[in-house]
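# A look at the structure
Chain residues, written in single-letter form:
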Amino acid sequence: MENANVDNKLSFLQGGGEMGERIRNYDWKNTVVKSPEEWPQSLRTAISIMLNSKFPMFIWWGDDLIQFYNDAYRPSLGNKGKHPAALGQKGVECWPEIWSTIKPLIDGVFSGEEATWSENQLIPIYRNGSIEDVYWTFSYSPIKGESGAVEGVLVVCDETTEKVTTLQKLKESEQELRFTIESTGLGIWDYNPVTKTLKGNARLAEWWGLKQQEEIEFTYALDSIIESDRPRVEAAIEEALQFSSGGIYNIEYTIRNQIDHVQRFVKAQGRAWFDEHQNPYRFNGIIQDITKQTLARKKIEENEQQLRSIMEAASIPIGVYTGEEMCIRLANKAIIEAWGKGDDVMGKLFLDVLPELRDQYIFNQLTDVFNTGIPCYVRNREIKLIMNGIPKTFYFNYNFIPLRDTEGNIYGVLNTASDVTDLNLAHKKIEESEKNLRNTILQAPVAMCILAGPQHIVEIANQRMFDLWGKDASVLKGKPLFDELTEAAAQGFEELVNQVYRTGESYQDFGVPISLPRSSGIETVYVDLVYEPFREQSGIVTGVIAVATDVTSQVIATKKTIEAEERARIAIESAELGTYEINLFTNEMNSSQRFNAIWGLSEPVSRFEYAERIHPDDRLIRAEAHELSKLTGNLNYEVRIIWDDESIHWVKISGRLIYNNNNQPETLLGVAQDITIQKEIEHKKDGFIATVSHELRTPLTSMNIYSQLLLEKHQNSEDKETVEMLSKMNYQVNRLNFIIQDLLDVTRMEANKIVFRNDFFYLDELTREIVSEVQIIKTSHRILIGHMEKAKVYADKERTSQVLTNLLTNAIRYSPKADRVIVAISVEDGNVICSVTDFGNGIPKDKQAKIFERFYQVTDADNRHSGFGLGLYISAEIIERQHGKIWVKSEPGKGSKFYFSLRLHTGE
């Protein structure tokens with residue numbers, strides 16, 4: 001559960017989502033409010049109310065106005081703003097931009113005034129990376145302590161920015177709509193289908209020759225429509241009043257003024273509105289006088305003629321295109337020459353004349369201007385035109401401006417242009433030169449910058465240089481370097497730059513230590529440093545080019561290598577280890593004096609002669625270990641060797657393969673350890689264990705048979721107590737049998753009597769088989785298959801099965817209150833990882849490192865010890881002898897997750 005680990009004394013901190021978690025995890029003991037155990041009841045109550053409220057709440061506490069807030073308030077802080085630093089922060093530090101506004105309100109509450117209330121108040125705050133206008137509806141209320149004194153302020157607030165903004169926009173929209181309608185000279189009508197009455201504005205009454213009244217009979221209004229159009233209008237109205245039509249009404253017809261009999265051509269547009277029963281309750285819209293459109297068209301033609309005359313006289317390219325397909329209506333000589341076309345372009349479609357512009361965004365820009373009415377202004381656009389059949393590149397400044405008729409409708413686009421190819425190419429050469437220098441610096445693989453003038457102003461620097469300086473670009477760019485980077489100036493680097501600037505001579509040094517600012521404080525880094533004079537074409541030095549390579553890791557690595565080599569030498573000598581090195585191409589071998597002594601030799605011999613001293617029964621162990629090392633890169637084995645005096649000694653060999661650039665093993669580095677004494681001690685002990693285990697097997701087998709026969713005989717008996725006792729006896733006999741088997745496995749393994757029969761198999765397939773087998777026996781839990789990757793390994797399949805079975809049965813045994821365990825297979829960094837997850841009591845952290853030790857007993861859920869502590873030890877030995885790893889992650893009260901890994905085989 002989310003808050004299961006919260007102490008009962010701190011129950012007031014339970015819940016609260018993200019902010020509840022942050023408040024619980026905050027290090028309060030180092031603040032003025034102290035740890036939560038010391039908080040007064042008033043603060044506890046206020047925080048409990050705040051965390052369990054879905055309404056935005058905020059608390060200022062104490063003289064320093066320490067801050068708390070809940071998840072509902074969190075969105076008002078925005079992104080890249082004050083969250084999460086605002087938690088536990090002083091109010092004056094958190095809100096500098098509005099402190100003068102809110103501090104008097106806070107002081108008022110602390111002085112005993114009544115709680116405040118503000119609605120839709122504008123209080124700009126810093127959030128989302130900038131100061132934003134934010135509107136709030138909020139109240140400030142006192143939080144009183146047991147003495148009645150005000151100890152804090154509870155803020156209950158709601159951000160109303162969207163609401164206020166929406167209302168403002170709505171008001172502006174209404175005003176714009178009213179102004180638009182009035183300014184366009186439209187008639188407005190509103191018809192009530194229920195009462196069959198009509199209302200209209202003064203302009204509509206004027207056109208129709210009607211008296212402007214509150215309402216008129218609709219049939220009276222229809223009399224103003226000429227008789228030939230009236231049936232068509234009535235049919236259109238009837239259709240619009242049908243719900244299936246969507247209520248749309250759009251028609252043109254002729255009206256005759258009933259007083260002066262003047263005719264007008266009008267265009268009516270409107271919409272019918274329907275209730276929940278699909279019945280029309282309102283029908284309204286606008287009427288536009290289109291009588292003047294014909295005259296307007298003639299006027300446009302006259303204007304176009306005038307425009308044509310102006311265009312022909314103009315020296316800049318000008319064209320006029322009409323309709324959605326952009327028909328070339330007008331084009332002067334300058335634009336025709338710019339296109340490289342003939343005089344026959346008039347009346348043709350734009351793309352028929354200039355098909356090469358279809359995929360250069362030009363035509364899309366034209367149609368966008370025609371459809372949206374938004375002008376388009378473009379500068380220095382590269383355009384490819386076909387001139388006499390040859391594609392050429394030009395640069396133009398051009399404009400597309402919508403052309404409207406007298407009614408405001410867009411009928412075409414005016415195109416003006418100027419050829420700026422020569423000017424653009426000249427600018428490009430200058431920009432390219434500057435860009436090359438800038439890119440050289442910005443993309444340099446090392447830290448690089450230019451320091452201009454005697455003040456060494458940072459003119460340009462790449463990010464590597466800013467990172468090396470430990471300063472943000474905004475702090476240093478355009479400013480004198482050493483005014484800001486005082487740490488470097490104090491270490492003599494300013495004088496070095498001054499020297500290069502004055503003398504014009506370069507400076508170079510390697511592995512230079514320099515202390516620079518970092519997030520954790522001042523740190524020493526090491527750099528290879530070059531200062532070069534920066535000269536103009538005249539040869540005058542105007543700045544310094546600085547190049548620095550951070551070699552801190554190399555310097556430190558060199559020091560660590562020297563230290564590591566010394567430590568390794570001391571460790572090897574103190575552990576009495578013998579070292580050796582083998583050239584795998586030539587079999588040439590170098591060995592230490594101690595290595596030869598371990599093998600009973602006084603001087604080195606050939607690799608073959610060392611191998612010949614291995615006991616004949618153990619030579620297969622060496623061969624298999626070397627074969628396995630080709631897959632893993634590591635060599636590990638233990639064998640007996642025979643000295644010249646025919647005495648037997650045990651030796652442990654460990655090594656690692658070193659690969660060349662072609663990924664071929666070229667060198668074997670290793671150590672040898674004399675483990676004869678350890679083996680003799682283990683042999684005596686394990687011999688005793690093995691003898692006892694074998695002696696117990698015979699009587700135990702008989703007991704097992706008798707207990708099973710008795711249980712079968714009384715299985716259907718009414719004496720339930722006897723059946724239960726026999727079941728428990730049978731269980732304990734089986735349990736003892738498993739323990740003895742574990743003891744035998746340990747003795748065989750530690751005596752090297754268990755042979756690993758390695759082969760290739762898929763671990764995921766084996767895992768599914770073991771899960772099926774264990775699930776049949778262990779029915780108290782569901783064994784769930786989690787993420788399962790296809791993965792081949794080279795290992796002993798039977799022994800790996802033993803590990804899987806052990807981990808699954810352990811997971812079930814130690815999670816008696818759970819009903820499931822989960823097993824999964826994944827591949828990471830060339831290793832196949834198997835995990836078994838239980839939901840039991842978990843393992844304390846101080847015991848997790850011991851559970852794989854021999855005879856370490858794990859306590860079960862009822863505080864009882866189970867077994868001799870050999871199962872996990874045997875599993876660890878099996879995995880480690882196959883050059884794998886085994887480990888556990890566990891948290892008390894939440895369960896455990898056991899892992900083991902084997903090397904992934906990527907071959908066929």
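Summarised in this report is the structure supplied together with it. Position numbers for residues start from 1 in each chain and track the written sequence from start to end. In view of the model being predicted, local features appear only for residues whose pLDDT reaches at least 70, and side-chain atom pairs are presented and counted only at 80 or more, with totals across whole chains, interfaces and linings using the full set of residues. Water and hydrogen atoms play no part in the side-chain values, which are based on all heavy atoms of the structure.

Helix and strand definitions here come from DSSP, where helices need a minimum of 4 consecutive H or I residues and strands a minimum of 2 consecutive E residues; each element is numbered from the N-terminal end. Secondary structure summary: the protein contains 27 helices and 35 strands in total. Classification of residues uses two cut-offs on accessible area relative to the type maximum, computed with a 1.4 Å probe and protein chains only: under 20% is buried, over 50% is exposed, and between them is partly exposed. For the protein, buried positions account for 41% of its 908 residues. Here the protein has roughly 52100 Å² of accessible surface; of this, 51% comes from carbon and sulfur atoms. Note that accessible areas follow from Shrake-Rupley with a 1.4 Å probe, and for residues the cover is restricted to the protein chains shown.

This paragraph deals with unusual backbone geometry. That bond from H83 to P84 is cis: its omega, 5 degrees, falls within 30 degrees of zero. On the secondary structure map, P84 appears in the loop between β2 (66-69) and α3 (91-94).

The next point concerns the environment of E765. Within the secondary structure, E765 sits in helix α25 (residues 763-777). Using a relative accessible area of 36% as the deciding quantity, one classes E765 as partly exposed. Residues E765 and A791, spaced 26 residues apart in sequence, show a C-alpha to C-alpha distance of 8.8 Å.

Attention now goes to the sheet that holds strand β20 (residues 457-461). Remark on secondary structure: sheet strands pair via backbone hydrogen bonds, oriented parallel or antiparallel. Here, any two strands with at least 2 DSSP bridges between them count as paired. In spatial order, the strands read β20-β19-β23-β22-β21; together these five strands make up an open sheet with antiparallel pairing. Where the open sheet ends on each side, the last strands, each with one partner, are β20 and β21 (507-518). Averaged over neighbouring strand pairs, the angle between their axes works out to 35 degrees when direction is ignored. As paired strands, strand β19 (residues 447-452) and strand β23 (residues 541-550) are joined by six bridges and run antiparallel to one another. Within the sheet, the bridge partner assigned to C449 lies in β23 and is A546. Running at roughly 5 degrees to strand β22 (residues 521-535), helix α18 (residues 493-503) makes contact with β19, β21, β22 and β23 of the sheet. Here, axes are lines fitted to C-alpha atoms. For helices the fit covers the stretch in contact, and angles between N-to-C directions go from 0 to 180 degrees. What makes two residues a contact is simply this: any of their non-hydrogen atoms within 4.5 Å.

Glancing now at helix α8 (residues 230-240). All of the buried residues along α8 are V233, A236, I237 and A240. Mapping the buried residues of α8 onto a view down its axis gives an arc of 100 degrees, with all of them on the same face. In α8, those exposed residues whose orientation departs by more than 90 degrees from the buried face are P231 and E239. Taken together, the buried residues of α8 touch α7 (218-222), β11 (248-256), β12 (263-274) and β13 (280-289). To obtain the arc, one takes the directions from the helix axis to the C-beta atoms.

What follows covers the side chain of S835. When you line up the elements, S835 lands in strand β33 (residues 831-837). We classify S835 as buried; its relative accessible area is 8%.

Turning our eyes to something else, we now look at the sheet that holds strand β30 (residues 782-788). On the basis of which strands lie adjacent, the open sheet formed by five strands has the order β30-β32-β33-β35-β34 and mixed pairing. The open sheet is flanked by β30 and β34 (885-891), the only strands paired with a single partner. The sheet shows a mean angle of 15 degrees between the axes of neighbouring strands, direction not considered.

Take the packing of aromatic side chains next. For this analysis, a ring pair means two rings from Phe, Tyr or Trp (six-membered ring only for Trp) whose centres lie within 6.5 Å, classed as stacked if their planes differ by under 30 degrees, edge-to-face if by over 60, and tilted for the remaining angles. Enumeration over the complete set of coordinates arrives at 34 aromatic pairs. When the ring of W189 is compared with that of Y249, the centres are 5.8 Å apart and the planes differ by 85 degrees; the resulting orientation is edge-to-face. Residue W189 is found in strand β8 (residues 187-192), and its partner Y249 is found in strand β11; the two are separated by 60 residues along the sequence. Comparing W189 with Y249, the two get one shared label, buried. Measuring from centroid to centroid gives 5.1 Å for Y398 and F400, while their planes differ by 45 degrees, and the two rings are tilted.

Remember, this is a structural readout, not a statement about activity or role.
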